[in-house]
Amino acid sequence: MAEKSEKNDLMEKIVSLCKRRGFIYQGSEIYGGLAGTWDYGPLGTTLKNNIKNIWWNMFVDMRDDMYGIDAAILMNPKVWEASGHVAGFSDPLVECSNCKARFREDHLLAEFGSKEKIACPSCGKKGTMGEPRQFNMMFQTQIGATEGSISYLRPETAGGIFVNFKNVVDSFHPKLPFGIGQIGKAFRNEIAPRDFIFRVRELEQMEIEYFVRPSEWEGKFEEWRKAVHEFNKKVGIPENSVHELEVGDGDRAHYSKRTIDFEFDFPFGRKELYGLAYRGEFDLSSHEKGSGQNLKYLPDGEEAFLPHVIEPSFGVDRTLLAVLSSAYTEDELGGETRSYLKFKPSVAPVKAAVFPLLKNKPELVAKAREVYTALKKEIPQIVWDDNGNIGKRYRRQDEIGTPWCITIDFDTLGENPELLDTVTLRHRDTGEQERVAVADLANKLKKGIEA
Ligand code: GAP
């Protein structure tokens, strides 16, 4: 019990820091919010972009076998019929007969153990949950002015990849194995959005469909399994907080011979972070039937066949929450307790803050502006801060996870001639300070960001 409330406490601290410091706000907050939606503020947006850029760089730009696309969110509804989402993308919904609140039955069963033991999480009554019905999670929308012409907001980015498989093959003639990657929004009408940005109705995914010869799937699956861990390392999610769960025969989709859920120790428990699935030829064969188009791959001198698919699927919001909760640290520094975000410099939304020691000394301010302007040209995620005293500035920058603070003082101006054109560089995690030549600053920071 004590452990549970400590974890809730941690989550509350993270949510409150995110709001206070401009990472994440409740969606439509001034109108009372909209359940399952969150708005990323200035720092959250940069953090999210940094995570997405690391993913794109690692899985698209740096590889010869990957193609990146950006498909439309609205698609022909036949796509979702062929993929099985219209018929089967649903969760079991139950309603409390007393207070009419609705829940996912599988979540209640996981919490209470059996149907008889369920007490309504909203009104507390027992024995009030009705029979489950399947609730389709796709958001429907009308297309154009013609009534009855409906489509859906895509529930996953994967659909856009499969329908462009033939386009990419025809434009680029890639050799197998190769993959198509996409980052973008997806929408799910979750029955019970919860746990901050963990389960939301408007989410973002980073997905890859990797096309292989049927005989090589096992080796390639293994390569992607390792790649998932490498990505985690790059964004600062510690290896020991991620656990692979082999999804058993009964729980896997019928067409999948292997699926791994990567689970993370979130403050509210161990929950799915990403998925890695071997999907065989299910998707291309379904879209071949649905569209009537030939989606077979024709290698030189061989017969045409449908490639098989390995799908690593990453949630952006869950990655960001795992990065945030891994980074959240409380310690004691200089006799004071502090909370700070120990971000890897590569994901940190602010890489360094530049301060004049005193803001009412024009010569200090001018020199600090000069250093700031030159640095910002090389490393754009640098900020200017001259509010309050140095101690307060450090606390503020620590709290948002800024790895370095740079102070321009009278020695920079030559009060001590030996220190002319040097600054104080302060390190977030240790509070240690060193004197660094202005001329060396950009390279030193760049090395730290790449590490
Ligand atoms: N194309 C496969 C697919 O979409 P999924 O397991 O349904 O598989 C993949 O979703 C990932 O998307 C999840 O592992 C998670 O990171 C993220 N995700 C799914 N639903 C989500 C939601 N409601 N809120 C936040 N992230 C979600």
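In this text the structure is predicted, and so the values were computed from the model without any measurement.

Asks: Tell me about the overall build of the protein, and please be specific about residues and values.
Replies: When its secondary structure is counted, the protein shows 13 helices and 21 strands. Accessible surface, the protein: about 21900 Å² in total, of which carbon and sulfur atoms supply 49%. Taken together, the 61 basic and 70 acidic charged side chains of the protein have centroids lying 3 Å from each other.

Asks: Describe the pattern of salt bridges, naming the residues involved and giving the relevant values.
Replies: Within the structure shown, the criterion is met by 37 salt bridges. The residue Arg-199 makes a salt bridge to Glu-190 at a minimum N-O spacing of 3.9 Å. The same class applies to Arg-199 as to Glu-190, namely buried. One salt bridge in this structure joins Asp-398 and Arg-426, with 2.7 Å as the shortest N-O distance. Of this pair, Asp-398 sits in helix α12 (residues 390-399) while Arg-426 sits in strand β20 (residues 422-427); the two residues are 28 residues apart in sequence, bridging distant segments of the chain. You'll find Asp-398 and Arg-426 in the same group, each marked buried. Through salt bridges with shared partners, one network takes in Asp-91, Arg-104, Asp-106, Glu-190 and Arg-199.

Asks: Residue-level account of the side chain of Arg-188, with values.
Replies: Following the sequence through the fold, Arg-188 ends up in the loop between β9 (178-187) and β10 (202-212). No salt bridge forms around the buried Arg-188; measuring N to O, its nearest opposite-charge neighbour Glu-156 is 4.6 Å away.

Asks: Lay out the packing of aromatic side chains in plain terms, naming residues and giving numbers.
Replies: Under the counting rule described, the total for this entry stands at 28 aromatic pairs. Consider the rings of Tyr-67 and Phe-172, whose centres lie 5.1 Å apart with planes at 45 degrees: the pair is tilted. Separated by 105 residues along the polypeptide, Tyr-67 in strand β3 (residues 66-69) and Phe-172 in helix α7 (residues 165-172) bring together distant segments of the chain. Owing to a relative accessible area of 18%, Tyr-67 belongs among the buried residues under this scheme. Members of the aromatic cluster, connected to one another through ring pairs, are Trp-55, Trp-56, Phe-59, Tyr-210, Trp-224, Phe-231, Tyr-274 and Phe-314. We note Lys-48 situated over the ring of Tyr-40; from NZ or CZ to the ring centre the distance is 4.1 Å.

Asks: Before we move on, can you summarise the nonpolar core with the specific residues and values?
Replies: The tendency in soluble globular proteins is for nonpolar side chains to be buried as a group. Among the nonpolar cores identified, the biggest contains 58 residues, and Phe-23, Phe-231 and Phe-343 are the most heavily contacted of them. Elements with a contribution of two residues or more to this core: α1 (2-20), α2 (42-61), β10, α8 (217-235), β12 (258-266), β13 (269-280), β14 (308-315) and α10 (316-327). In terms of residues, this core owes the most to one element, α2, which gives 8 residues. Apart from residues no more than four positions distant in its own chain, Phe-231 is found in contact with Ile-51, Ile-54, Trp-55, Met-58, Phe-59, Met-206, Tyr-274, Phe-314 and Thr-319. Judged by nonpolar contacts, the second largest core, of 20 residues, contains Tyr-372, Trp-404, Leu-425 and Leu-445.

Asks: Give me the side chain of Thr-157: which residues, what numbers.
Replies: Its location among the elements puts Thr-157 in the loop between β8 (150-152) and α6 (158-162). Non-local contacts of Thr-157, meaning those with residues more than four positions away in its chain, are made with Gln-182, Gly-184, Lys-185, Gln-205 and Glu-207.

Asks: So what's going on with the pairing of strand β21 (residues 433-437)? Which residues, and what values?
Replies: Sheet analysis places β20 next to β21, joined by 5 bridges and oriented antiparallel. Looking across to β21, one finds that Thr-424 is bridged to Arg-435. Between β20 and β21, which pair antiparallel in sequence order, lie 5 residues; one of them, Gly-431, sits at a positive phi of approximately 75 degrees.

Asks: How would you sum up the site of the ligand? Please name residues and give values.
Replies: Neighbouring residues of the ligand: 18 residues in total, closest Glu-156, Glu-190, Glu-207, Glu-272 and Leu-273. Here a nitrogen atom of the ligand and a side-chain polar atom of Glu-156 are 2.7 Å apart. Within the side chain of Glu-190, one N or O atom sits 2.8 Å away from a nitrogen atom of the ligand. About the coverage of the ligand: the protein hides 89% of its 550 Å² of free accessible area. Taken together, the elements giving at least two residues each to the shell around the ligand come down to β10, β13 and β14. No other element matches the 4 residues that β13 contributes to the shell around the ligand. Its residues assigned to classes, the shell around the ligand shows 6 nonpolar, 4 polar and 8 charged.

Asks: Break down the packing of α2 against α10 for me, citing the residues and quoting the values.
Replies: Taken N-terminus to C-terminus, the directions of α2 and α10 make an angle of 105 degrees; their axes are 10 Å apart at the nearest point. The orientation of α2 with respect to α10, classified from their angle, is roughly perpendicular. Touching Gly-44, Leu-47, Lys-48, Ile-51 and Lys-52 of α2 are Val-316, Thr-319, Leu-320, Val-323 and Leu-324, all from α10.

Asks: Tell me about the sheet that holds β21, and please be specific about residues and values.
Replies: Taking strand neighbours across the sheet as the criterion, the 5 strands line up as β18-β17-β19-β20-β21 in an open arrangement whose pairing is mixed. Since the sheet does not close on itself, it has two edges, and those belong to β18 (382-384) and β21, each with one partner. Averaged over all adjacent pairs, the angle separating strand axes in this sheet is 30 degrees, with direction ignored. Of the strand pairs in this sheet, strand β17 (residues 352-356) and β18 are connected by 3 bridges, and their pairing is parallel. Counterpart to Ala-353 in the pairing with β18 is Val-383. Along the sheet, α12 makes contact with β17, β18, β19 (404-408), β20 and β21, crossing β17 at roughly 170 degrees. Running at roughly 120 degrees to β21, helix α13 (residues 438-450) makes contact with β17, β18, β19, β20 and β21 of the sheet.

Asks: So, α7: which residues are in play, and what are the values?
Replies: Taken residue by residue, α7 has Phe-165, Val-168 and Val-169 as its buried positions. For α7, the angular spread of the buried residues around the axis is 100 degrees, confining them to a single face. In this structure, the buried residues of α7 make contact with β3, α6, β9, β10 and α9 (282-291). Note on α7: the residue one or two positions beyond its end, His-173, has a positive phi of about 45 degrees.

The rules behind each value
- Residues numbered from 1 in each chain as written.
- Predicted model: local features only at pLDDT ≥ 70, side-chain atom pairs only at ≥ 80, totals over all residues.
- Heavy atoms only, no water.
- Helix = DSSP H or I, 4+ residues; strand = E, 2+ residues; numbered from the N terminus.
- Areas by Shrake-Rupley, 256 points an atom, 1.4 Å probe, with all protein chains shown as cover.
- Lys, Arg positive; Asp, Glu negative; His and termini not counted.
- Charge placed at Lys NZ, Arg CZ, Asp CG, Glu CD.
- Salt bridge = Lys/Arg side-chain N within 4 Å of Asp/Glu carboxyl O.
- Buried < 20%, exposed > 50% of the residue type's maximum accessible area, 1.4 Å probe, protein only.
- Phe/Tyr/Trp six-rings, centres within 6.5 Å; stacked < 30°, edge-to-face > 60°.
- Lys NZ or Arg CZ within 6 Å of the ring centre and 35° of its normal.
- Core = buried A, V, L, I, M, F, W, Y, C linked by side-chain atoms within 4.5 Å.
- Contact = heavy atoms within 4.5 Å.
- Pairing = 2+ DSSP bridges.
- Near = heavy atom within 4 Å.
- Polar contact = N/O pair within 3.5 Å; in protein donor to acceptor, adjacent residues only side chain to side chain.
- Nonpolar A, V, L, I, M, F, W, Y, C, P; charged D, E, K, R; others polar.
- Axes fitted to C-alpha atoms, helices over the stretch in contact; angles between N-to-C directions.
- Parallel < 35°, antiparallel > 145°, perpendicular 65-115°, else oblique.
- Arc of directions from axis to C-beta.

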